[in-house]
Amino acid sequence: YNAVGILTSGGDSSGMNPAIRSIVRAALNSGVKQVFGVRRGYQGLVSDDITLMSSRSVTNIVQKGGTVLKSARCPEFSDPSVRDVAARNLSSRGIEALVVIGGDGSLTGAHILCQEHGIPVIGLPGTIDNDIPGTDDTIGFDTAVNTAVEAIDRIRDTARSHERLFLVEVMGRNSGFIATQVGIACGAEMVVVPEYAFDFHDLCITLAERHSKGQGSSGIIVVAEGRDPDLTHRLAAQLKAQGQDPKISILGHIQRGGSPSGHDRMLASCLGTAAVEYLLAGYSDIMVGVHKGAIVDVPLQRVIEEKKVLDRKLFDIAALLHK
Ligand code: F6P
């Protein structure tokens, strides 16, 4: 390839910068003549907000959160005429292939662009949610988990001092990957996720048992934001009705920012390098991910069609260990 483009799209995640850096450098060091950065995801592709990048332009970003290319959600990209504009902008600059870093919506956009316009694309899983099928891990998940764990450790201190119960809401869109890992790592009294049924009665028994064992009334319940935006508040109201006085803490976007963890820097650097290798080997319409510690390629079609399952065993560990 003479010229390839990179874009980051959808909700940003910590590690997108080391991914950009590795793609730029791996491409330029493997004979690609030009690498272009598309700003603000698919929006920039449509508005032709595209800049030439160099090895120097990605200096000093390996440790930075967010994405230097900026990101956006671009619902207009579902319109074929908008995608025609994007394809024209790519070809007018001689950009022959695209690497897209983002979540399911972003990878869907890449797949359609490839199918419709024959543009070679490689996707990288970039989301804090870890909800992408075909890969065990996503860029930004580890950092988000660590951030939430640190926050909850702090909440635990005050919860214990005041013998209070806290409902801590974590992100994850419609999935409970963040909540489950965070729940285990923080020793939460309970984890509530969209994937598995939650029994309010069980929670009341757990709390009563803790109380009777002299473990006090402090505790942490980790709630995945899930499909129901009011779930955390409804749970709090139900607990109040049972005589508890729960506090709510919604961690929100702090989970998206901050310096990427060492793990995410490694993951992003390896996946970015692999994306270039796959592209130069003639692959297209795939996502590059990790499975059982090895780099794998997964057809984007499969990524889009499947749903990643939250390991029931992992979820059960969270319940088993708090007693
Ligand atoms: O997909 C990443 C994510 O942070 C989800 O966990 C969350 O539901 C959503 O994005 C929030 O999106 P926004 O930043 O657009 O409000």
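Per an unreviewed UniProt entry, the recorded name for the protein is ATP-dependent 6-phosphofructokinase, and the organism is Neptunomonas marina. Heading Subcellular location (unreviewed entry) of the UniProt record for the protein holds this comment: "Cytoplasm". The record held by UniProt for the protein lists under Subunit (unreviewed entry) the comment "Homotetramer."

Enquirer: Report on the overall build of the protein, specifying residues and quantitative values.
Expert: A tally of helices and strands in the protein yields 11 helices and 11 strands. Whereas a compact globule of 323 residues would reach a radius of gyration of roughly 20 Å, the protein reaches 22 Å, a difference of no more than 12%. Expressed along its principal axes, the backbone C-alpha trace of the protein runs to roughly 70 × 35 × 30 Å. Among the 323 residues that make up the protein, the fraction classed as buried is 48%. Restricting to contacts in the protein with at least 6 residues of sequence separation, those with at least 24 account for 76%.

Enquirer: Could you give an account of the sheet that holds strand 5 (residues 121–125), with specific residues and numbers?
Expert: Reading across the sheet, the seven strands line up as 3-2-1-4-5-10-11 and stay open at both edges, with mixed pairing between neighbours. The open sheet is flanked by strand 3 (50–53) and strand 11 (294–299), the only strands paired with a single partner. The average undirected angle you get between the axes of adjacent strands in this sheet is 30°. Packed onto the sheet, helix 1 (residues 16–28) meets strand 1 (3–8), strand 2 (34–38), strand 3, strand 4 (97–102) and strand 5 and runs at close to 175° relative to strand 1. Along the sheet face, helix 9 (residues 262–280) touches strand 1, strand 4, strand 5, strand 10 (286–291) and strand 11 and points at about 165° away from the line of strand 5.

Enquirer: Go over the UniProt feature "binding site: Mg(2+)" (unreviewed entry) in the protein, please, and point to the residues and values.
Expert: Here, UniProt's "binding site: Mg(2+)" (unreviewed entry) annotation points to Asp-104. With respect to the helices and strands, the residue Asp-104 is situated in helix 4 (residues 104–117). Owing to 20 C-beta atoms within 10 Å, Asp-104 belongs among the buried residues under this scheme. Contacts of Asp-104, omitting those with residues within four sequence positions, involve Ile-132 and Ile-304.

Enquirer: Can you tell me about helix 1, naming the residues and giving the values?
Expert: For helix 1, which comprises 13 residues, the first-to-last C-alpha distance of 18 Å matches the rise-based estimate of 18 Å (1.5 Å per residue) to within 8%. With respect to burial, helix 1 is a largely interior element, 12 of its 13 residues being buried. Where helix 1 is concerned, the buried positions are Met-16, Asn-17, Pro-18, Ala-19, Ile-20, Arg-21, Ser-22, Ile-23, Val-24, Arg-25, Ala-26 and Ala-27. Where the residues of helix 1 are buried, they touch strand 1, strand 2, strand 3, strand 4, strand 5 and helix 9.

Enquirer: I'd love a proper account of the sheet that holds strand 7 (residues 190–192), names of residues and values included.
Expert: Taken together, the four strands give an open sheet; going across it, the order is 7-8-6-9, and neighbouring strands pair in parallel fashion. The open sheet is flanked by strand 7 and strand 9 (247–250), the only strands paired with a single partner. Across the sheet, the axes of successive neighbouring strands diverge by a mean angle of 20°, strand direction being ignored. Pairing analysis gives four bridges linking strand 6 (residues 165–170) to strand 9, with the strands arranged parallel. Within the sheet, the bridge partner assigned to Phe-166 lies in strand 9 and is Lys-247. Its contacts with the sheet place helix 8 (residues 231–241) against strand 6, strand 8 (219–224) and strand 9, and it is angled at close to 165° to strand 6.

Enquirer: Run through the nonpolar core, naming residues and quoting values.
Expert: Within the largest apolar cluster, 52 residues are counted, with the highest numbers of intra-cluster contacts made by Ile-23, Leu-98, Val-99 and Ala-275. If near-sequence neighbours (up to four positions away) are discounted, Ala-275 is found in contact with Ile-23, Val-99, Ile-122, Leu-124 and Val-288. Val-145, Val-170, Val-192 and Val-222 belong to the second largest nonpolar core, which has 37 residues in total.

Enquirer: Could you give an account of the environment of Ile-139, with specific residues and numbers?
Expert: Within the secondary structure, Ile-139 is located in the loop between strand 5 and helix 5 (141–161). The exposure class assigned to Ile-139 is buried, which follows from the 34 C-beta atoms found within 10 Å. Considering only alpha carbons, one finds Ile-139 and His-233, 94 residues apart in sequence, at a separation of 30 Å. With sequence-adjacent residues up to four places away left out, Ile-139 is seen in contact with Ser-13, Gly-15, Met-16, Ala-19, Ile-101, Leu-124, Pro-125, Gly-126, Asp-264, Leu-267, Ala-268 and Leu-271.

Rules and cut-offs
- Residues numbered from 1 in each chain as written.
- Predicted model: local features only at pLDDT ≥ 70, side-chain atom pairs only at ≥ 80, totals over all residues.
- UniProt positions renumbered as here; feature names shortened; annotations may be inferred.
- Helix = DSSP H or I, 4+ residues; strand = E, 2+ residues; numbered from the N terminus.
- Rg over C-alpha atoms; globule rule 2.2 N^0.38 Å.
- Buried ≥ 20, exposed ≤ 12 C-beta atoms within 10 Å, placed from the backbone.
- Contact = placed C-beta atoms within 7 Å.
- Pairing = 2+ DSSP bridges.
- Axes fitted to C-alpha atoms, helices over the stretch in contact; angles between N-to-C directions.
- Expected span 1.5 Å × (residues − 1).
- Core = buried A, V, L, I, M, F, W, Y, C linked by C-beta atoms within 7 Å.

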